[in-house]
Amino acid sequence: MNVSRFTRKGIFALVCGLQLAGYACIAYLLPRTEFAWLMATCIGLFALYYFVNVSYIDGAHFKLLLCLSVAVRVLWLTAIPSLSDDYFRFLWDGTLTNAGQNPYLQVPAAISNIAGPASGDYLSMLKSGMNSLPYFSPYPPVLQALFFLSVKISGYQVGLGVIVMRCVVLLAEAGSCYFALALLDYFKQPRQRLFWYALNPLVVIELTGNLHGEVIMIFFMLAATWCFIRRQNFVAAVLLGFAISTKFLPLIFLPAVVAYAGFKKGMLFSAVAIITAAIIFLPFFNALFVQHIGESLGYYFQHFEFNASIYYLLRWVGYDVTGFNLIIVFGKLMPLLAVTGICCLAWYKKITTLQHLLERILFSLLWYYLCSLVVHPWYITVLVSLSIFTRYRFALVWSGLILLTYATYLYQPYEEITWLTALEYTLLGVVLYYEFTRHKSDLLKQLTV
């Protein structure tokens with residue numbers, strides 16, 4: 001028994017060491033153009049992630065896994081993101097705000113100089129690293145506050161600015177884990193489910209590593225959920241307003257909340273959330289702001305395409321029939337299809353429990369992504385955060401499959417590999433079919449209440 005226990009501890013230590021080594025390689029050694037090495041490392045990390053969550057789910061390892069979750073994030077502290085160049089735009093927007101300028105009013109390509117102590121070399125470096133020079137900023141005010149804070153503290157130093165942002169991200173992740181544990185306890189679910197999120201390689205790489213804003217949104221979303229179940233509805237609505245002011249995505253959760261809470265209470269809750277978001281937007285508000293936000297959303301839905309599913313099928317049919325890419329047509333159709341599906345999911349039958357509410361929100365989000373023209377890897381982290389409270393694990397599988405999209409960076413200019421996208425969604429479809437079949441009786445019971 002002692003030998004067995006010693007062996008088990010040794011394997012656990014080895015697995016933890018391998019995970020730390022894998023994340024260190026991605027953080028400090030592997031550029032995104034090294035697709036083969038990147039995929040090999042990610043496959044290894046997902047294998048270790050699965051092994052740990054299956055073999056070490058007992059309470060004795062809980063604190064050790066919690067320490068591992070912290071360690072795999074802290075090691076990124078001084079790393080400059082190599083898998084994403086969005087941080088250049090983050091610092092650019094923060095520099096504009098720090099200079100007293102509204103970051104929503106001009107595109108970077110139209111700005112040659114920013115008032116203040118920022119050097120020309122610093123600004124040139126930011127512009128040369130950006131992939132969004134001709135576009136208005138798409139980042140809502142909560143993220144703009146983070147960008148401003150990073151520039152203010154760093155004094156126009158890119159490396160230090162990244163460290164400041166990562167410190168805030170680490171605090172947000174700690175808060176998310178705290179509320180996730182509280183919710184798991186409330187639902188009387190195993191606390192070890194936390195590690196399906198906390199040790200998920202996609203979550204670690206895209207949120208802590210690449211600094212994507214979903215990390216802040218998830219924190220506010222889970223905090224709002226915790227207050228909601230404690231019947232602190234006003235506080236929950238305000239927190240959801242902060243989530244909306246971080247990313248617009250939580251707006252699609254409101255139909256399910258209205259369906260669960262009842263029309264009067266649900267609409268009041270939604271109104272408080274939207275008014276909170278509107279107040280947060282006020283410092284940046286003017287006519288040009290509204291116009292430019294509209295243009296940003298228009299570009300997103302009608303000009304960009306990446307890792308889509310239903311849209312790519314429609315695009316293929318459109319090419320076959322007309323010989324043209326009908327993105328302008330389908331870009332208007334897909335949001336309508338998404339909203340229709342989300343409303344049907346919310347109101348088709350009454351939502352009777354809080355867990356059913358989270359499942360409806362999970363499937364609303366899934367449907368939204370299936371209807372989207374753009375599905376970046378970090379988008380799926382929101383699904384992962386919700387899935388740990390439900391019976392469904394398709395988000396965990398998708399979080400691994402979506403890393404195939406990094407094959408896009410093998411080419412200059414970037415070119416998406418269609419067969420890899422087809423493989424990703426085919427395997428996701430198989431997993432969804434399996435899960436729906438497995439839980440068919442429960443789903444039918446929910447939909448016939």
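Everything below is about the structure printed above this text.
Our subject in this report is the structure included herewith. (Residues numbered from 1 in each chain as written. Predicted model: local features only at pLDDT ≥ 70, side-chain atom pairs only at ≥ 80, totals over all residues. Heavy atoms only, no water.)

1. Structural notes on the overall build of the chain
Link 1 in the chain: On a plain count of helices and strands, the chain comes out with 21 helices and 0 strands.
Link 2 in the chain: Its C-alpha radius of gyration of 22 Å places the chain within 12% of the 22 Å reference for a compact globule of 449 residues.
Link 3 in the chain: The dimensions of the chain, computed from C-alpha atoms along their principal axes, are 70 × 50 × 50 Å.
Link 4 in the chain: Out of the 449 residues belonging to the chain, those deemed buried represent 55%.
Link 5 in the chain: Long-range contacts, defined here as pairs at least 24 residues apart, represent 77% of the contacts in the chain between residues at least 6 apart.
Link 6 in the chain: As displayed, the chain offers around 20000 Å² of accessible surface, 70% of which is attributable to carbon and sulfur atoms.
Link 7 in the chain: The distance from the centre of the 28 positive side-chain charges to the centre of the 19 negative ones in the chain is 16 Å. (Helix = DSSP H or I, 4+ residues; strand = E, 2+ residues; numbered from the N terminus. Rg over C-alpha atoms; globule rule 2.2 N^0.38 Å. Buried < 20%, exposed > 50% of the residue type's maximum accessible area, 1.4 Å probe, protein only. Contact = heavy atoms within 4.5 Å. Areas by Shrake-Rupley, 256 points an atom, 1.4 Å probe, with all protein chains shown as cover. Lys, Arg positive; Asp, Glu negative; His and termini not counted. Charge placed at Lys NZ, Arg CZ, Asp CG, Glu CD.)

2. A few points about the packing of aromatic side chains
Link 1 in the chain: One pass over the structure, following the stated rule, counts 29 aromatic pairs.
Link 2 in the chain: Ring geometry for Tyr-135 versus Phe-304: centroids 5.1 Å apart, planes at 90 degrees, classification edge-to-face. A residue pair is termed long-range when its members are at least 10 positions apart, and Tyr-135 in the loop between α5 (120-129) and α6 (141-154) and Phe-304 in the loop between α14 (287-302) and α15 (310-322) qualify at 169 residues.
Link 3 in the chain: Classification of Phe-304 by relative accessible area gives partly exposed; the value is 30%.
Link 4 in the chain: Aromatic pair Trp-378 and Tyr-379: ring centres 6.0 Å apart, planes at 85 degrees, arrangement edge-to-face.
Link 5 in the chain: Under the relative-accessibility criterion, Tyr-379 is labelled buried at 12%.
Link 6 in the chain: Through a chain of ring-to-ring contacts, the aromatic side chains of Tyr-368, Tyr-369, Trp-378, Tyr-379, Trp-398 and Tyr-425 assemble into a single cluster. (Phe/Tyr/Trp six-rings, centres within 6.5 Å; stacked < 30°, edge-to-face > 60°.)

3. Some remarks on the pattern of salt bridges
Link 1 in the chain: By the definition in use, this model includes 7 salt bridges.
Link 2 in the chain: Residue Arg-73 pairs with Glu-173 through a salt bridge whose shortest N-O separation is 3.0 Å. Taken as a pair, Arg-73 in helix α3 (residues 62-74) and Glu-173 in helix α7 (residues 158-186) lie far apart in primary sequence, 100 residues in all.
Link 3 in the chain: Classification of Arg-73 as buried rests on a relative accessible area of 4%.
Link 4 in the chain: Linking Arg-89 and Asp-93 is a salt bridge whose minimum nitrogen-to-oxygen distance equals 3.0 Å. Pair noted here: Arg-89 and Asp-93 are both in helix α4 (residues 86-98), with a separation of 4 residues, about one helical turn. (Salt bridge = Lys/Arg side-chain N within 4 Å of Asp/Glu carboxyl O.)

4. Quick look at the nonpolar core
Link 1 in the chain: Ranked by internal contacts, the top residues of the largest apolar core, which has 154 residues, are Tyr-369, Phe-394 and Trp-398.
Link 2 in the chain: Looking at which element gives the most residues to this core, the answer is helix α10 (residues 214-229), with 13 residues.
Link 3 in the chain: Setting aside anything within four residues of it in sequence, one finds Phe-394 in contact with Leu-362, Phe-363, Leu-366, Leu-428, Val-431, Leu-432 and Glu-435.
Link 4 in the chain: In this structure, Tyr-104, Phe-281, Phe-289 and Ile-293 belong to the second largest nonpolar core, which totals 5 residues. (Core = buried A, V, L, I, M, F, W, Y, C linked by side-chain atoms within 4.5 Å.)

5. Description of the side chain of Ser-137
Link 1 in the chain: Looking at where Ser-137 falls in the secondary structure, it is placed in the loop between α5 and α6.
Link 2 in the chain: Owing to a relative accessible area of 1%, Ser-137 belongs among the buried residues under this scheme.
Link 3 in the chain: Only 3.0 Å separates the side chain of Ser-137 from the side chain of Gln-144, close enough to count as a polar contact.
Link 4 in the chain: Here Ser-137 is in contact with Arg-89, Asp-93, Pro-103, Tyr-104, Gln-144, Ile-293 and Ser-296, once residues within four sequence places are set aside. (Polar contact = N/O pair within 3.5 Å; in protein donor to acceptor, adjacent residues only side chain to side chain.)

6. Quick word on helix α11 (residues 233-244)
Link 1 in the chain: With 12 residues, α11 extends 16 Å from end C-alpha to end C-alpha; this agrees with the ideal 16 Å at 1.5 Å per step.
Link 2 in the chain: Residues of α11 that are buried: Ala-236, Ala-237, Leu-239, Leu-240, Gly-241, Ala-243 and Ile-244.
Link 3 in the chain: Looking at the buried positions of α11, the neighbouring elements they touch are α10, α12 (254-261) and α13 (263-281). (Expected span 1.5 Å × (residues − 1).)

7. Remarks on helix α20 (residues 418-438)
Link 1 in the chain: Along its 21 residues, α20 runs 30 Å from first to last C-alpha, staying within 8% of the 30 Å computed at 1.5 Å per residue.
Link 2 in the chain: For α20, the set of buried residues is Leu-420, Thr-421, Glu-424, Tyr-425, Leu-428, Val-431, Leu-432 and Glu-435. The buried residues of α20 occupy an angular sector of 125 degrees when projected down its axis, which confines them to one face. With respect to the buried face of α20, the exposed residues turned more than 90 degrees away are Thr-418, Trp-419, Val-430 and Tyr-433.
Link 3 in the chain: Contacts from the buried residues of α20 go to α15, α17 (354-371) and α19 (394-401). (Arc of directions from axis to C-beta.)

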